[in-house]
Amino acid sequence: MLKLKETARKNAQLLFPLVSLFAIVIINLIVEPNFFSLELRVNNVGNTVLSGNVISILDNGSELAILAIGMTLVTAASGGQDISVGAAIAIAGGVVLRVLCGNEASPDILHAPIIYAFLASCVVAMLFGAFNGVLVSIFKIQPMIATLILFTSGRSIGYWIGGGQIAKISEKQFGYFGGFIPGVPVPTPILIAVLCMIVIALVLKFTNLGLYTQAVGINEKSARLNGLNPVRIKLLAYIIIGFCVAVAAFIKVSRMSTINYSSVAQDIEMDVILAVAIGGNALGGGKFNMAGSIIGAYTIQALTVTLYAMPGVTSESIRFYKALVIIILVVISSPAVKSALEKLWAKLFPKKSPPVKEALV
Amino acid sequence: MKKLLIVLAAMTLVVSFAACTSAPPAASSADSPPASVEAAPPESDGLIKVGIINNPPEESGYRAANVKDFQETFTEDNGYKASFAYSLKFEEQLASFNQFVADGVDYILLSAAATDGWDAAFKTANEAGIKILLFDRMVSADESLYEAAVVSDMAQEGITAVDWLKAQNLAEYNVIHIQGVMGSDAQIGRTAALDKEFAAGAMTKVVQQTGNWSDAEAKTIVEAVINAKTPFNVIYAENDNMAQGAAQALDAAGITHGVDGDVVIMGFDCNKWALQELLDGNWNYDGQCSPFQAKVIDGIIKDLQNGTAPAQKKIISEEKGFDAKTITADDVNTYGLG
C-alpha cells in the first residue's frame, strides 16, 4: 500500500509537466492543424530523412534533455544549479576540435579517430565538472557561485584549448552525430538522447545512485550518520553532469562541424534549469523526478519551436513570450497554487479521491 | 536573513573577483595566449607604443582573423611595442582605454564594443597627446577626436550582395532573411539593401527575423518556415554561421540548396569553411567583410610619425562578393578567414 501511494505521488508529480506539454500541443493543433505532419524527403547528400515539427522539437531538444539529466542530479544532491554548462560545452567542443584538427584550421585528414576526440572531451568535461564538484562539496561554496567561475571564463578557455582558431571539419562522417546516419531517417541526436535516457533509467533502477542522491539532498547530516559520504555523492553528480556536457557538446559540434565559442549553447543553462523546475523538482534539492525533467526539457523546446512557428511573433520578442509562458507554468506548479487546487479538488469530490489515486497507478 | 546577507556578500565578492580577472588589460591578455604585455621592456628604444583594444578572438572567425592580423602587424620587428586588451563589454574596454592613457602609449587603436560614450575618454587621451585610430567599428564621438577610422562599409556589402541576387534573374524571389544582432553595424548595413527590394516589391519577404549571429537560432527560424510549408527559394543570412544553420535545416528537411539546388543560400564574412561550401556548390554567394585593417593602420601611423595626416577620416576597406559558380580554390585560400 505504501508503495502504491509512493507511485501515485510520483505520477502526480509527472502530471504537471505532462499537462503543460499537452497544453502546448493543443494550442499548436488549434493554430496549425497539420502541425504534427511528418514527411519523408531526400536531402542534398542523398539521405532519406524524416521531417516535421515533431522531429524539430525532438532533434533540437536533445542537448537540453541530456543536460537536464545531469542537472537534475546536481540539483537534487547539492540543492543548487550548475550555471556553467553552456560555457563547459564550449570547452568540451574545443577539445573535440583540437584533437581532430590539431593546429590546422580545416584539415583534409582528421588527426585522430572521432571516438578519441569524444573520449578526450569526456575526460576534460568531467574534470571541469569535478572542479565545480570540489568547490561545492569540499569547500561548501554555493553551487551557483562555484559554477559562476567557469560560467565567466569557460568560453575563453574553450577558445584557448581549441588552439586559438575556429576550426572546421570537412570529414562527412563527423557530421553523422548531429545530422543523419545514411539509411536512418531519424536525426542522430534523437537516438543519442534516447540512449542517454535508457542508460540513466537503468542506472537509477539498478544502483543506489538515486536513493543516495536524494538522501544527501534532503538532509546531509543524517545521510552522513547513515554511512553515506555526501562529498562523494555531490562530486559524483557534478562529474555526471560533466559527462552530459561532453555528449551535448559533441552533438553541437557535429551539427555544424565547427564551433562558435561565444555563441555555442548560449543561455542553455537557463533552459536546462527551467526544464528541471517544470519537471516538478524542488530546486532546493532532495527528491527528484528524472522523467519530469526530461519532459520539461522537451516542453521548453516545444515552446520555442511553437513560438517560432507562430505567425506574428518576431524572434526579438520570442524571449519575452517564452518568459511569459514559463512564469505561468511555474506559478501554476508552485506549492501555494497546488495546495489550493488540491483543496478545491477535495471539496468538489470528497469521497472519490481514493479511487482516483488508484486509477492513476 | 543573516544567511542571505552572507550569500549576497559572497556573491558580490566572487562576481567582482571574476570580473576583475577579465577586466584590466594586463589580466585579460592572459586568456589570449600570444599577448605581449609582460614581454615588453619598460623603456621603448625608438619603438612606437600602441595600445590595441579589440573584441575577444573567440567571438567569431572574423574576430579571430582580425586579432591575428593585428598581432602579426604590430610587432617589435615592425617598430612597435604593442599591448592588447580584449573585451566585449564597453566598461571593460573603457577601463583598458584609461589604463593605456595612464601608461602613456603613443597610439590607441580601438574596435569599440559600443558606439556611444567614448567622447570624454577620447578628450582625455587627446590632451595627453595620445592619438586615436578606430578600426572595424565606428563610434559616435566627434571625428575631430580621432585621427582616422578604418572600417568596412556594411551598407555597400549589402548592396553588392543584393545586386548579385538580382542578377540571378530568378523567376521569383521568396526570401528568408535572417538578420544579425539587431542594431549592430553589420545588421543595419546588410539589412538596408534587402529591405529596399522588399519595399519596392521586387522580392517577397517570407520571414525576416534576427538569428543573433547564431547558427542554432537560424536553424530554428528556417525550420519553422519549412514546417509551415511556406514556399521560399532564397536564404539571405547576414553571417556565415547563420547561413550554415539554415543549410542544416534544409538538409534535415530534405530540401536541396546551392548551385543546382532549389534554394539559394547567401552568407557574409568569408570564413574559409564557408568559401569551401561555395566551392563545393552547397551555397551560392558569400560577401566579404575584410578583417585586415592592420596594414592600413600601420601605414597611417608611419605617415603620422612623419607628420602627414591621413587624407580622409573614414577609410573603407575594399571588399568583394564571391559567386559559387566562379570561385576558385585560390580564392578560398587567399580570402578565406581561419
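Everything discussed here concerns the structure shown above.
Quick summary incoming for the structure in this document. (Residues numbered from 1 in each chain as written. Chains lettered and ligands numbered in written order. Predicted model: local features only at pLDDT ≥ 70, side-chain atom pairs only at ≥ 80, totals over all residues. Heavy atoms only, no water.)

Looking at the overall build of chain B
Consideration 1: Counting its secondary structure elements, chain B contains twelve helices and twelve strands.
Consideration 2: Looking at chain B as a whole, 54% of its 338 residues are labelled buried.
Consideration 3: Across chain B, contacts joining residues at least 24 apart in sequence account for 73% of those joining residues at least 6 apart.
Consideration 4: When the accessible surface of chain B is split by element, carbon and sulfur atoms take 54% of a total near 13,900 Å². (Helix = DSSP H or I, 4+ residues; strand = E, 2+ residues; numbered from the N terminus. Buried < 20%, exposed > 50% of the residue type's maximum accessible area, 1.4 Å probe, protein only. Contact = heavy atoms within 4.5 Å. Areas by Shrake-Rupley, 256 points an atom, 1.4 Å probe, with all protein chains shown as cover.)

So, the packing of aromatic side chains
Consideration 1: Considering all chains together, one arrives at 18 aromatic pairs over all chains under this definition.
Consideration 2: Taken together, the ring pairs connect A:Phe118, A:Phe174, A:Phe177 and A:Phe250 into an aromatic cluster. (Phe/Tyr/Trp six-rings, centres within 6.5 Å; stacked < 30°, edge-to-face > 60°.)

Overview of the sheet that holds strand E4 (residues 131-136) of chain B
Across a sheet, strands are paired by hydrogen bonds formed along the backbone, either parallel or antiparallel in direction.
Residues and elements named next belong to chain B.
Consideration 1: Strands sit in the order E2-E1-E3-E4-E5-E11 across an open sheet of six strands; the sheet is parallel. For this open sheet the edge positions go to strand E2 (80-86) and strand E11 (314-316), each flanked by a neighbour on one side alone. Within the sheet, the average angular offset between the axes of one strand and its neighbour, ignoring direction, is 20 degrees. (Pairing = 2+ DSSP bridges. Axes fitted to C-alpha atoms, helices over the stretch in contact; angles between N-to-C directions.)

Some remarks on the environment of B:Ile255
Consideration 1: Assignment of secondary structure puts B:Ile255 in the loop between helix H9 (240-253) and strand E9 (264-269).
Consideration 2: Here the alpha-carbon distance between B:Ile255 and B:Ala294, two residues 39 residues apart in the chain, equals 41 Å.
Consideration 3: Discounting residues that sit within four places of it in the chain, B:Ile255 has contacts with A:Arg41, A:Val42, A:Asn43, A:Asn44, B:Ile226, B:Phe232, B:Leu250 and B:Val263.

Thoughts on the interface of chain A and chain B
Consideration 1: Of the residues lining the interface, 42 residues belong to chain A; the matching set on chain B comes to 43 residues.
Consideration 2: Sorting the residues of chain A by area buried against chain B places A:Asn44, A:Met256 and A:Tyr308 first, and these three jointly supply 18% of that buried surface.
Consideration 3: Inspection of the region where chain A meets chain B yields four salt bridges.
Consideration 4: Between B:Glu217 and A:Arg319 there is a salt bridge, with its nearest N and O atoms 3.5 Å apart.
Consideration 5: Counting every contact that joins chain A to chain B gives ten residue pairs in polar contact (both at pLDDT 80 or more). (Buried area = accessible area lost by both parts, 1.4 Å probe. Salt bridge = Lys/Arg side-chain N within 4 Å of Asp/Glu carboxyl O. Polar contact = N/O pair within 3.5 Å; in protein donor to acceptor, adjacent residues only side chain to side chain.)

A word on helix H2 (residues 53-60) of chain A
Consideration 1: Of all eight residues in H2(A), six are buried, a share of seventy percent or more.
Consideration 2: Among the residues of H2(A), those classed as buried are A:Asn53, A:Ile55, A:Ser56, A:Ile57, A:Asp59 and A:Asn60.
Consideration 3: Looking at the packing, one finds that the buried side of H2(A) touches strand E2 (48-51), helix H3 (62-78), helix H7 (188-206), helix H10 (230-256) and helix H12 (290-309) of chain A together with helix H8 (215-227) of chain B.

Quick look at the packing of H2(A) against H12(A)
Residues and elements named next belong to chain A.
Consideration 1: Two numbers describe how H2 lies on H12: the axes approach to 9 Å, and their chain directions differ by 130 degrees. Relative to H12, the element H2 lies oblique. Between H2 and H12 lies a crossing whose hand is right-handed. Along the contact surface, H2 presents Asn-53, Ile-57, Leu-58 and Asn-60, while H12 presents Tyr-298, Gln-301, Ala-302 and Val-305. (Parallel < 35°, antiparallel > 145°, perpendicular 65-115°, else oblique. Left-handed = near helix turned anticlockwise from the far one by under 90°.)

Focus: the pattern of salt bridges
Consideration 1: Counting across every chain of the model gives 19 salt bridges over all chains.
Consideration 2: A cluster of three or more residues bridged by salt bridges with shared partners is formed by A:Asp59, A:Glu63, A:Lys252, A:Arg255, B:Lys219 and B:Glu223.

Here we look at the nonpolar core
Consideration 1: One finds A:Ile66, A:Leu67, A:Ile89, A:Leu100, A:Phe174, A:Val245 and A:Ile268 to be the most contacted residues of the largest nonpolar core, which totals 72 residues.
Consideration 2: Elements represented by at least two residues in this core include exactly H3, helix H4 (85-101), helix H5 (114-137), helix H6 (143-161), H7, H10, helix H11 (268-278) and H12 of chain A.
Consideration 3: With residues up to four places along the chain from it excluded, the contact list for A:Val245 reads A:Leu67, A:Val85, A:Ala88, A:Ile89, A:Ala92 and A:Ala125.
Consideration 4: Counting residues in hydrophobic clusters, the runner-up holds 43 residues, among them B:Ile178, B:Val222, B:Ala246 and B:Val263. (Core = buried A, V, L, I, M, F, W, Y, C linked by side-chain atoms within 4.5 Å.)

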